Structures are given as structure tokens and as C-alpha cells.
Amino acid sequence: MPDLLIELFSEEIPARMQGKAAEDLKKLVTNGLVEAGLTYASAGAFSTPRRLALSVEGLLAESPAVKEERKGPKVGAPEQAMAGFLRSTGLTEDQLEARDDKKGQVWFAVIDKPGRPAAEIVAEVLEHAVRNFPWPKSMRWGTGALRWVRPLHSILCILSDEAGAEVVDLNIDGIASGNTTQGHRFMAPDAFSVTSFEDYAVKLKRAKVVLDASERADHIWADATNQAFAQGMEVVEDRGLLAEVAGLVEWPVVLMGKIEEQFLDLPPEVLKTSMKEHQKFFSVRNPKTGRIEQYVTVANIETADQGATILAGNGRVLSARLADGAFFWENDLRIAKGDKMQPWIDALENVTFHNKLGSQKERIERIAALAREIAPAVGADPDLAEQAARVAKADLSSEMVYEFPELQGLMGRYYADAAGMPAEVGAACEEHYSPLGPSDDVPTAPVSVTVALADKIDLLTGFWAIDEKPTGSKDPFALRRAALGVIRLLLENDVEIGLKTLWKPSVVMLISQLKLSGDTSISEDLLSFFHDRLKVFLKDKGIRHDIIDACIAMEGSDDLNLLVKRAEALSEALKTDDGENLIQGFKRANNILSKEEEKDGVSYELDPDPKFAEGDEEKALFKALDTADGVIKPAMGQGDFATAMAAMAQLRGPIDAFFEATQVNDDNPIVRRNRLCLLHRIRVICGGVADLTKVDG
């Protein structure tokens, strides 16, 4: 069985595209081979800035011969039907077979497909893959029709076995396949031939190219941390930057340089962001001072002076960048200290948030008023919450955030501290955007939680008021993320407040401030949206949708904290044998009662009388219901859902025994009515915990 090696050699591929491109090449080629009948043992994809490579081991030497049968039209079918069938099979009518079928004779075509050599199939599959490659962006170069992310220079494609290597004959827009490639652009630019993947990998490394991206990343991280450790420093971990830098070099050479003393007092986040975004440098921290004092850069070449010239050039560029940062920082500090950020807040009056929702300053006014309203429910000081909300977005007008938008919020904390504002205000400036995703940390400080809730609630109610809701997969204003943020803020901080209460002041302000017309009764629709988001959130925690639906149907379901506690308790109760079987007993009681109420045209809502109970099982059910009711009602009033659910599950045995021993529709009308009222009591007691009719089972 031969092994296949493919390399597509081009100009530099953007680092962010390399990993996916390697996997796309693997998927396109291996899927095409399997569809053509060529199975294989294993496959591996690799990428460097200038090449995509694929190794396929244990490939069949040729595709197996196949006999295919196709059923055609009936014998005597119209000419057009016959002509179409013959075209699809490539046969003539005398080559068809007439066979008996359920409704008479039918034509069958038997097509023999002989096996094809692997080289022929590989050539077809690879050409199709190259011409249809799913680059996010591509270009047409030269005079051909081929589009590629960067100009494609050569194609290496060989099949190798014990007898040697064979070049797969292929030509794409004048680029003929071969068995040669090139090494490092500067240190080993000469072409060389290869005979197998092992030979290819060894010769590439000899030619100063590390083929495996993960190997390059591991080398960079190990060398960087070792150099930092030797000087008593530590590298600030950044996996995203590490993956990107590994895609920028074929032969990583790690160098460590120093930041000029005049920039060391800049906020560490400014240093890290400037070096990462502009230079792709790793930050190196002094663990004793906590300051960022050095940096790590990764070159793509070895030099005679061990990188001294490279570091000198990088240092000059970095100093210029950091000088800009220092200038922005000093200007911003003057405004923060002298004017308490007010000029920035005023400037937001000229920044449109949305053409239907007003300016950023108008939005800040709404958030501040809402924060004051909801602060008591979160346990925050209303004055501090309002103050924090008014300055939380002020840094959007600062020069530093204009240069580095990703620092918004964080710089707000620095500026609030510089303005002499309380620490809670500064923390809220930084944390009010959180959580930004399912794995992001959730603020816990009351003022931060209050402002974060107000910010997200205003966003949601605003876009609901102007009917700009998420549709399908489109959510341009990240409203699903905002709703998940509200859910996590409420649940993880154990805030018990109804959503309708939470957003009512916001809706009132929107109507007044923006003079919205038309239907503004958005509460129920927005609540339904939150419930859908909650289902997705709880599904990851192992709580079924039907259980959540059973709890949503209960009164007060806009209090997400209580709703989740109820759902968790019901979920745990239904995991027990008693809880699971109780659902069957409850549904039996509910179905019988509903059927009889419909037939009789009455509701059996009177309290059943124990004096009409005849059997021991019926008497036992009366006692069990009294006991459960005595536990469930106070437990539900205190929000002790676990106790209520456990008491409800205890009804399983008495209900089962009642149905086994008792006929509900007794001949005595008084007894029958009393038993139907007893079933109604089962419905009421169990239904007070959750709407069990919505639970599957």
C-alpha cells in the first residue's frame, strides 16, 4: 500500500488561516479519495507560512472494481424515459436486462466499473481540491483562472512504497506537480527532492523549516520561558498570540529585549496591548514588582550577532509605539484628574449609539437612572451605582481607548481612580461589560453587578422597543450574549428579582426619552426570549427542556433565580424511582379527571371527604395527601423547592396503590364524585410544585 505526500507551496499564508486551511486540505482530499473507493490507514495535515502539507498513509494502490445495478423504467415505457435512463447509465437498450417486478417487467442496467490506479484518482481529487479551496479570501494571479490566498508556486505530489516514489502527474494552470520543494526563504532557499513523508520532514528541518505548527509553538514557549527564568522574569501567557506567532515563522528564533525605563510606569495592560497588537511581542513581567519590564520577539532567521541587530530595530519601533501610548496616557490623566472625565461624557452626546435609540450620552442617562432603581435589589448603594453608571463609558472618548478599543472599561478604572472616585466606581467601570461569554468571569461586587445589569437591560429593552430582535442566526447587536449575561449575573450572584420588575423602569424611560410610538408592550416577548436563552444555558448543566417548561409555566417565572432552583429541584426529584414513577401516576389521575370533567360538564374542585373512602388504599391516599400538603405549602412559600419536591415524590406509593385497588368510576355517584375530587386534589398538590403535564414520561 503506497503513502501519499502532498505539498502546496506558495507565498506567505496569513497566520490566522493556516490551521483551518491544513484541515480543509485534509478533509477535501481524504473525502474525495474515499468517495472514489480509495481507503487509507491514517492522515495528517501540516502548515507553515509558505506551505500546506498532507500525508496519507496506507492508501490502496487502486480502487476496487464495482458492479452497480440501477433500476430503470418499465418495459414499454415512453421513449423519453428510456432515453434519459440510457444517458445516465451510458448503455444501449440491448445491454439492459428485463426483470420481473411487482407491477410487471422493469429494465435493469448492470454497470461494471473497473478499478482505477491511485495516481489517476489522486490527480483528479487534488485538482478539484485546489480549484475549490475554501479560503476566506483569495486572489487570481498571473494569466490563469486559479484563485489562491497568495500566489501558488509549486505542487509536490508523490506516491511512495517499497519500490520507490512516483510523481503523480498533475498540471494546474501551468503548475506541474513534481517531487521537489524548497526550504527556508533565506537560510536554505535551494530546491531539493523528497521520496517520502519521513524524508520530507527530515530534509525540511535540515533546511531550517519546522513543519509542525504545534512543534514550533512548543519551541517558542519553552525557549521564551527559559530565557525569562534565567533573568528572574516570567512570560505573560497568551495562547492566542503564541498560535499566531507560530504561524509567522518557519524557523523560530526567540529573542528577549528590554523596555526603556521611561515607559515602565505605563499601565501594564497598555504595554501588553501595544506590544501584542503592533509588534506581536510577548510581555515579560518582573514578579517582584509586577511591572512589564521586558519583551520576547520571535525572529524567522538566525543571525551572526545572535539577533542583536534585530532587537535593536525592534526596540526602536517599540519605543516609538510606546511614546505614543505615553502621550495618550498623560493627556487622558490630565482630563481625568482635572475635570473628573466630564469632557468625555459630554463628547458622547455627539456619538450615536443607534439612530433610533439616540446618542451614547442619552443611553448613559437611562443606564444611570436604571442602576439607581435596581441597586437595592442587588444590595448596592444607589448613589454609588448611579455615579458608576454615569462614568462607566466615559473612557470611550479617551485617546487611549480610541487607539486601543480593547482597553475600554479597563482604562475607565484607571481614570476613575485618578479622578479620586470610590474604588467601587472604578471596579464597575472595568467590570460592567462582563460577562462577555459563557466562560467569562461574572462580577460579584454589588455596584459592578448593578451597572452591568443596567447596561444589558437597556440594550435589550431598547432593541426590543424598536423591533430590532435577533432573527435566525443573525444577531448583529449581540443581544443573545447580553441576555446570557443577565442570566449569569442574576444566578451567580443569587439575585432574586423578577425580570419584569427589572426592566420596567427602562421601558418607561425609553418611551419618554425617545418618544416611541406604536406597540411598546414588549415585556412578554422579551421574557420568552430570556426563557429560550435560559433553556440553552441549563441544557449544558444537564436539565431537560421539558423540566424547564414545567417550571416556566408556574407563576413568577420571570424570577430566574427561583425558576432555576425549582427546575434543579424537580430535575433531582425525577432522577429517583419515586419521582419518575410519580409522573405516571399524576398523569393517570389528571387524564381520568380531565376526561370525566369534559364528559360531565363540571369541575370536581370540591374538597374530597375522607368519610366516603372505602378501602385501606383510598384512606392511605387521603392521609398521604394531607401530609404532603402540610410539607409542600410552607416549603414552597420559603422557596425550599428540594423539600417540596421530595414530599411530592413520596406520593408515588400511595397513588400507585390507590389505582391498583380502586375503581374511580364507582357505581355509587357519591363515591365516584368524591374520588374525582380526590384526583383533583392530587392535581392541585402536585401542580403547586410544577406543571407536571409538560414533563415527558
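Residues numbered from 1 in each chain as written. Predicted model: local features only at pLDDT ≥ 70, side-chain atom pairs only at ≥ 80, totals over all residues. Heavy atoms only, no water.

Along its length, the protein chain carries 25 helices and 20 strands. Here the C-alpha radius of gyration of the protein chain, 36 Å, is well above what a compact globule of 697 residues would show, namely 26 Å. With 697 residues in all, the protein chain has 49% of them scored as buried. Of all intrachain contacts in the protein chain linking residues separated by at least 6 positions in sequence, the fraction that spans at least 24 positions is 68%. Accessible surface for the protein chain amounts to roughly 33,300 Å². Of this, 49% is attributable to carbon and sulfur atoms. (Helix = DSSP H or I, 4+ residues; strand = E, 2+ residues; numbered from the N terminus. Rg over C-alpha atoms; globule rule 2.2 N^0.38 Å. Buried < 20%, exposed > 50% of the residue type's maximum accessible area, 1.4 Å probe, protein only. Contact = heavy atoms within 4.5 Å. Areas by Shrake-Rupley, 256 points an atom, 1.4 Å probe, with all protein chains shown as cover.)

The next subject is the environment of Glu496. When you line up the elements, Glu496 lands in the loop between α16 (479-492) and α17 (499-514). The sequence separation of Glu496 and Leu574 amounts to 78 residues, and the corresponding C-alpha distance is 25 Å. Apart from the residues within four sequence positions on either side, Glu496 is in contact with Asp559, Asn561, Leu562 and Lys565. A distance of 3.3 Å separates the side chain of Glu496 from the side chain of Lys565, its partner in a polar contact. (Polar contact = N/O pair within 3.5 Å; in protein donor to acceptor, adjacent residues only side chain to side chain.)

Spatially, the 4 strands line up as an open sheet ordered β15-β17-β18-β16, and their pairing is antiparallel. What marks the edges here is a single partner per strand, and that holds for β15 (234-235) and β16 (253-258). Relative to strand β18 (residues 292-299), β16 is paired through 6 bridges, and the arrangement is antiparallel. The residue bridging Gly257 from the neighbouring strand is Tyr295, located in β18. In the packing of helix α7 (residues 268-279) onto the sheet, contacts are made with β17 (282-285) and β18, and the angle to β18 comes to roughly 10°. (Pairing = 2+ DSSP bridges. Axes fitted to C-alpha atoms, helices over the stretch in contact; angles between N-to-C directions.)

This brings us to the sheet that holds strand β4 (residues 66-74). Strand order in this open sheet of 3 strands is β4-β6-β5, and the pairing throughout is antiparallel. The strands lining the two open edges of the sheet, one partner per strand, are β4 and β5 (97-101). The sheet shows a mean angle of 35° between the axes of neighbouring strands, direction not considered.

Evaluation of the coordinates by the stated rule reveals 15 aromatic pairs. Members of the aromatic cluster, each reached through a chain of ring pairs, are Trp329, Trp344, Tyr414 and Tyr415. Sitting over the face of the ring of Phe108, Arg99 holds its NZ or CZ atom 4.7 Å from the ring centroid. Across from the ring centre of Phe353, 4.6 Å away, lies the NZ or CZ of Arg363, which sits over that ring. (Phe/Tyr/Trp six-rings, centres within 6.5 Å; stacked < 30°, edge-to-face > 60°. Lys NZ or Arg CZ within 6 Å of the ring centre and 35° of its normal.)

If you check helix α20 (residues 560-574), its first and last C-alpha atoms are 21 Å apart, about what 15 residues at 1.5 Å a residue would give, namely 21 Å. Counting buried residues in α20 gives 11 out of 15 residues, a clear majority hidden from the surface. Leu560, Asn561, Leu563, Val564, Arg566, Ala567, Ala569, Leu570, Ser571, Ala573 and Leu574 are the residues of α20 that are buried. (Expected span 1.5 Å × (residues − 1).)

What follows deals with empty space enclosed by the protein. One pass over the structure, following the stated rule, counts 2 cavities of 30 Å³ or more. If you add up the space inside the largest cavity, you get close to 60 Å³. Taken together, Asp3, Leu4, Leu5, Ser55, Glu57, Ser160, Ser196, Phe197 and Glu198 make up the lining of the largest cavity. Looking at the lining of the largest cavity, the elements that each hand over two or more residues are β1 (3-10), β3 (51-57) and α4 (197-206). If one sorts the elements of the lining of the largest cavity by residue count, β1 sits on top with 3 residues. Residue composition of the lining of the largest cavity, by class: 3 nonpolar, 3 polar and 3 charged. (1 Å grid on protein atoms, 1.4 Å probe; cavity = no way out; pocket = protein on both sides within 12 Å on 5 of 7 lines; lining within 4 Å. Points joined across faces, edges and corners; volume = space filled by probe spheres on them. Nonpolar A, V, L, I, M, F, W, Y, C, P; charged D, E, K, R; others polar.)

The next point concerns the side chain of Ser63. By the secondary structure assignment, Ser63 is in the loop between β3 and β4. A polar atom in the side chain of Ser63 sits 2.8 Å from the backbone nitrogen of Arg116. Ignoring any residue separated from it by four or fewer positions in sequence, one finds Ser63 in contact with Ala36, Gly37, Leu38, Gly115, Arg116 and Ile121.

Turning our eyes to something else, we now look at the side chain of Thr461. Counting through the fold element by element, Thr461 comes out in helix α15 (residues 446-465). Here the side chain of Thr461 touches Ser506 through a polar contact of 2.7 Å, side chain to side chain.

Below, the discussion takes up unusual backbone geometry. Note the cis peptide between Ser434 and Pro435, where omega equals -5°. One can find Pro435 in the loop between α14 (423-431) and α15. A positive phi angle, close to 55°, is found at Lys340, a residue other than glycine. Lys340 sits in the partly exposed class, given a relative accessible area of 43%. A positive phi angle is found at Asp467, which is not glycine, with a value near 60°. Relative to the elements of secondary structure, Asp467 occurs in the loop between α15 and α16.

Running from N to C, helix α13 (residues 410-418) and α14 cross one another at 165°; their axes reach a closest spacing of 6 Å. Here α13 lies roughly antiparallel to α14, going by the angle between them. Here α13 and α14 pass one another in a crossing that is right-handed. Within the contact between the two elements, α13 uses Leu410, Gly412, Arg413, Ala416 and Asp417 and α14 uses Val425, Gly426, Ala427, Cys429 and Glu430. By residue class, the composition of the contact of α13 with α14 is 5 nonpolar, 2 polar and 3 charged. (Parallel < 35°, antiparallel > 145°, perpendicular 65-115°, else oblique. Left-handed = near helix turned anticlockwise from the far one by under 90°.)

A word on the packing of helix α10 (residues 360-378) against helix α11 (residues 382-391). Running from N to C, α10 and α11 cross one another at 160°; their axes reach a closest spacing of 8 Å. Here α11 runs roughly antiparallel to α10, going by the angle between their axes. You can see that α10 and α11 cross each other, and the crossing is right-handed. Across the interface between the two elements, Ile364, Glu365, Ile367, Ala368, Ala371, Arg372, Ala375 and Pro376 of α10 pack against Pro382, Asp383, Ala385, Glu386, Ala389 and Arg390 of α11.

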